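Given next are the chains, with one letter for each unit.
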Amino acid sequence: MTALGVGDAQVTLKLERLIGWRGAGVFFSLLDTHGGSPSAQIGDVQGVSNLQAPAALRLEEAWLQQNLLGNRLSLLVGRYDLSTEFYHLQSAMLFENSSFGIGPEFAQSGTGGPSIFPITAVGTRIAFKPRADAVLRVAVLDGAPVGSFNGGPLIFASGDGALLVGEVALLSRPDTAGEPRRRRFQIGRGTRRPYAAKVALGAWYYTAQFPDLADTLASGVPVRHRGSSGIYLIADQTLRSASDGSSGPLTAFVQLGFGDGRVNQVDRYLGIGLTRAAPFFGRSQDELGLAVAAARNGSHYERANASTGAATASETAVELTYVAQLLTWMAVQPDVQYVIHPGGKMGRRNATVFGLTIGLSH
């Protein structure tokens, strides 16, 4: 049994109200993470809990955002969690497994991972909304999150390189046509509204050098590759809308990602899921979900393990979860996951993981 927790304090300041700086705002997020590591006991590679993190009090985000052109253009600079906008699906966020936030082919890339929970990086993001149902995003970030080297607050240190991320997203919102132009073209952090459907194509690239998992030089030193990249395709669709008031929308999502199998364990990922809002009569704020996350080992990782006699296999996690909103400020989420071939290793027993998350907000 393992207990873990996350406390998050956030502050948003609209600078137009404070000092008359039109279209500008700042945001700060402070995280306190503590507890054990479920994955250390299970040995899985994807992460059965998206709350798992080293015990620490840290600054998660601190950025300035400026909106221009009638809120069609958004510029952001500072310490930034790219998973809040890139590789993001609203229905997938119901689940506890980390892969449903960002697929493991991207989440476990680079030297210390990309700029996501629990350790973020400094950089800039530009977002543009050419029309009401389309968003273009580009981000340039430090190739290593702050503090990932020797625990120090290093920013753009030698060898970090840069992480470049781009995404094109198309969204369908049933209320878009009837809204004023200014509201329809709002963009950037703090302006997200629910959608009925979304499809997005993204790509990422690191400029730094990384060691090969299997190939070595004659001296035995791993071959180093300049650059590491990947692409992903994600989609979210409302299959059935709420009709009679007794049950909520039924939604489906899919994630498909391809990473760099030369330097990362996972080179392909597929995630699929179904969610149902208000699944039971009288529980209008509850949600029920079933999803599957499959992470495939890359050929270089398999070759490296074959040389030691270790058999490998793709790791697959099946998750069933339910969120019950008990009070306006309190929700509980019982969760069960079945992990097949934890860690991508044939020799490990499949694992059944039971979880209970209690969320409090103010």
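Now for a description of the structure that goes with this document. Only a predicted model underlies this, so the values are computations on that prediction, with no experimental measurement involved.

Procedures and definitions
Residues numbered from 1 in each chain as written. Predicted model: local features only at pLDDT ≥ 70, side-chain atom pairs only at ≥ 80, totals over all residues. Heavy atoms only, no water. Pairing = 2+ DSSP bridges. Helix = DSSP H or I, 4+ residues; strand = E, 2+ residues; numbered from the N terminus. Contact = heavy atoms within 4.5 Å. Phe/Tyr/Trp six-rings, centres within 6.5 Å; stacked < 30°, edge-to-face > 60°. Buried < 20%, exposed > 50% of the residue type's maximum accessible area, 1.4 Å probe, protein only. Core = buried A, V, L, I, M, F, W, Y, C linked by side-chain atoms within 4.5 Å. Patch = residues over 30% accessible without salt bridge, like charges linked within 9 Å, V, L, I, M, F, W, Y side chains within 5 Å. Areas by Shrake-Rupley, 256 points an atom, 1.4 Å probe, with all protein chains shown as cover. Salt bridge = Lys/Arg side-chain N within 4 Å of Asp/Glu carboxyl O.

A closer look at the pairing of strand S8 (residues 197–216)
Then comes step 1: In this structure, strand S7 (residues 162–172) lies alongside S8, joined through 10 bridges in antiparallel fashion. Residue Leu 164 lies in a different strand from S8, and its bridge partner there is Tyr 205.
Then comes step 2: Across 14 bridges, S8 lies against strand S9 (residues 222–240) in antiparallel orientation. Note that in S9 the partner of Tyr 205 across the bridge is Ser 229.
Then comes step 3: In sequence, S8 turns back onto S9 through a hairpin of 5 residues, with Gly 220 there showing a positive phi of about 95 degrees.

Describing the environment of Leu 290
Then comes step 1: With respect to the element layout, Leu 290 can be found in strand S12 (residues 287–297).
Then comes step 2: Along the backbone, Leu 290 and Leu 360 are 70 residues apart, and their C-alpha atoms lie at a distance of 24 Å.
Then comes step 3: With near-sequence residues (within four places) excluded, Leu 290 lies in contact with Phe 95, Ile 272, Gly 273, Leu 274, Val 318, Glu 319 and Leu 320.

Observations regarding the packing of aromatic side chains
Then comes step 1: Counted by the stated rule, this structure contains 9 aromatic pairs.
Then comes step 2: Aromatic pair Phe 95 and Phe 253: ring centres 5.8 Å apart, planes at 55 degrees, arrangement tilted. Taken together, the positions of Phe 95 in the loop between strand S4 (73–80) and helix H3 (104–107) and Phe 253 in strand S10 (residues 250–258) put the pair 158 residues apart, joining distant regions of the chain. For the pair Phe 95 and Phe 253, a shared accessibility class is recorded, and that class is buried.
Then comes step 3: Where Tyr 206 meets Phe 210, the ring centres are 5.7 Å apart and the plane angle is 80 degrees; that geometry is what we call edge-to-face.
Then comes step 4: Clustering of aromatic rings is evident, with ring pairs tying together Phe 106, Trp 204, Tyr 206 and Phe 210.

Let's talk about unusual backbone geometry
Then comes step 1: Going from Phe 117 to Pro 118, the amide bond is cis rather than trans, its omega being 5 degrees.
Then comes step 2: Summarising the element assignment, Pro 118 is placed in the loop between H3 and strand S5 (121–131).
Then comes step 3: Even without being glycine, Leu 69 reaches a positive phi, approximately 55 degrees.
Then comes step 4: The residue Leu 69 is located in the loop between strand S3 (56–68) and S4 in this model.
Then comes step 5: The exposure class assigned to Leu 69 is exposed, which follows from its relative accessible area of 59%.
Then comes step 6: Located in the positive-phi region is Tyr 87, a residue other than glycine, with phi close to 55 degrees.
Then comes step 7: Structurally, Tyr 87 can be placed in the loop between S4 and H3.
Then comes step 8: On the basis of relative accessibility, which here comes to 1%, the residue Tyr 87 falls in the buried class.

Quick notes on the nonpolar core
Then comes step 1: Ranked by size, the top nonpolar core spans 39 residues in total, and within it Leu 82, Phe 100 and Phe 106 carry the most contacts.
Then comes step 2: Of all the secondary-structure elements, those providing two or more residues to this core are S4, strand S6 (134–142), S7, S8, S9 and S12.
Then comes step 3: Counting residues per element, this core draws most heavily on S8, which supplies 5 residues.
Then comes step 4: If we ignore the near neighbours within four places in the chain, the residues touching Phe 100 are Ala 92, Met 93, Phe 95, Phe 253, Gln 255, Tyr 269, Ile 272, Ala 291, Val 292, Ala 293 and Glu 319.
Then comes step 5: Core analysis: the next-biggest nonpolar cluster, separate from the first, contains 6 residues, Val 48, Ala 317, Val 339 and Ala 351 among them.

Concerning a nonpolar patch on the surface
Then comes step 1: A contiguous nonpolar surface patch, about 790 Å² in accessible area, is contributed by Leu 170, Val 199, Leu 201, Ile 231, Leu 233, Val 254, Leu 256, Phe 258, Leu 270 and Ile 272.
Then comes step 2: Put simply, the parts of the chain that give the nonpolar patch at least two residues each are S8, S9, S10 and strand S11 (266–277).
Then comes step 3: A per-element tally of the nonpolar patch places S10 first, with 3 residues.

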